[in-house]
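Structural description and commentary
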Amino acid sequence: MAHGPVLGPEPVILDFGLARSADAEMTGYVVTRWYRAPEVILNWMHYTQTVDIWSVGCIMAEMINGKTLFKGKDYMDQLTQIMKVTGVPGPEFIQKLDTPEARSYMKNLPPYPRKDFSLLFPRVSEKCVDLLEKMLVLDGDERLTAELALEHSYFDSLRDQDDLPDPAPYDDTHDNATMSLEEWKRLCFKEVRSFVPFPRRDSKRKNTLTMSP
């Protein structure tokens, strides 16, 4: 999944053109380098959906400081910029790497210590710093999942328990189907027609969305 930050009045995460089911073999070329999780850069290991949490952490850090956190010039420089913040990992992490080349590279890095995030982000609360520390973890196995990130105390004042519907599983039955253009149009229109907006309780705007057959 590719991500890009928008530093306007309503920041959002853009570009779901590469969204897909979890795929441990996804190539490192499909996501924007500056927001790329370290495990993707060199295809070190099989990875999970916490790869996107790293990207969100990078975007959040950029929104806070007004500049890119890891602005690598190329793949190797990107990895170096990350290590200068996260620190070089210990042997437990290195043993998880898939290839001897990756393990050798990590062992030969200078002993960068982990930076103090409260100094990297001096203008934010302790809760915000804690959230960033838990999202920008080098080891994807130790990184927050999306569910745990949303449960973090940083979001306590924003959370609305009545606005948390259970997610429905993605229906991929048509992904590899062979159908005519007219049939695809019919299915797309059916999907749009089935959309039901979930109005916020504090919203004063009426839903004016109508669809014609």
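First, a word on what this report is: a plain description of the structure on this page.

Rules and cut-offs
- Residues numbered from 1 in each chain as written.
- Predicted model: local features only at pLDDT ≥ 70, side-chain atom pairs only at ≥ 80, totals over all residues.
- Heavy atoms only, no water.
- Helix = DSSP H or I, 4+ residues; strand = E, 2+ residues; numbered from the N terminus.
- Contact = heavy atoms within 4.5 Å.
- Buried < 20%, exposed > 50% of the residue type's maximum accessible area, 1.4 Å probe, protein only.
- Axes fitted to C-alpha atoms, helices over the stretch in contact; angles between N-to-C directions.
- Left-handed = near helix turned anticlockwise from the far one by under 90°.
- Nonpolar A, V, L, I, M, F, W, Y, C, P; charged D, E, K, R; others polar.
- Arc of directions from axis to C-beta.
- Salt bridge = Lys/Arg side-chain N within 4 Å of Asp/Glu carboxyl O.
- Phe/Tyr/Trp six-rings, centres within 6.5 Å; stacked < 30°, edge-to-face > 60°.
- Lys NZ or Arg CZ within 6 Å of the ring centre and 35° of its normal.
- Polar contact = N/O pair within 3.5 Å; in protein donor to acceptor, adjacent residues only side chain to side chain.

Okay, the environment of Phe-155 next. Mapped onto the fold, Phe-155 is located in the loop between helix 8 (146–150) and helix 9 (181–193). For Phe-155 and Cys-128, which are 27 residues apart along the polypeptide, the C-alpha to C-alpha distance reads 9.1 Å. Setting aside residues no more than four positions away along its own chain, Phe-155 makes contact with Leu-131, Ala-149 and Leu-150.

Of note, Ala-37 is situated in the segment before helix 1 (38–41). Of the residues examined, Ala-37 reaches a relative accessible area of 1% and is grouped as buried. A C-alpha to C-alpha distance of 8.4 Å links Ala-37 and Gly-140, two positions 103 residues apart in sequence.

Direction vectors running N to C along helix 2 (residues 50–65) and helix 7 (residues 126–135) enclose 145°, while the axes themselves pass 9 Å from each other. The element helix 2 and its partner helix 7 pack so that their crossing is left-handed. Contact with helix 2, carried on its side by Ile-53, Trp-54, Val-56, Gly-57, Met-60, Ala-61 and Ile-64, involves Cys-128, Leu-131, Leu-132 and Met-135 of helix 7 and no other residues of that element. Broken down by class, the residue content of the contact of helix 2 with helix 7 amounts to 10 nonpolar, 1 polar and no charged.

Of the residues making up helix 7, those classed as buried are Cys-128, Val-129, Leu-131, Leu-132 and Met-135. Buried residues along helix 7 cover an arc of 160° about the axis, so they all sit on one side. Among the structural elements, helix 2, helix 6 (117–120) and helix 8 are those in contact with the buried residues of helix 7.

Moving on to the pattern of salt bridges. Per the counting criterion, the structure on display carries 7 salt bridges. The salt bridge partner of Asp-141 is Lys-96, with a shortest N-O separation of 3.1 Å. A residue pair is termed long-range when its members are at least 10 positions apart, and Asp-141 in the loop between helix 7 and helix 8 and Lys-96 in the loop between helix 4 (91–94) and helix 5 (100–107) qualify at 45 residues. On the basis of relative accessible area, Asp-141 is assigned to the exposed category, the value being 52%.

This paragraph deals with the packing of aromatic side chains. The description of two aromatic rings rests on the distance between their centres and on the angle between their planes. Following the criterion strictly, the structure yields 3 aromatic pairs and no others. Centre to centre, the rings of Tyr-154 and Phe-155 are 5.2 Å apart; their planes meet at 75°, and the pair counts as edge-to-face. When the ring centre of Tyr-75 is taken as reference, the NZ or CZ atom of Arg-33 above it lies at 5.6 Å.

So, about the side chain of Gln-78. Here Gln-78 is to be found in helix 3 (residues 75–86). Since its relative accessible area comes to 0%, Gln-78 is described here as buried. At a separation of 3.3 Å, a polar atom in the side chain of Gln-78 contacts the main-chain carbonyl oxygen of Arg-33. Setting aside anything within four residues of it in sequence, one finds Gln-78 in contact with Arg-33, Trp-34, Ile-41, Phe-70, Lys-71 and Gly-72.

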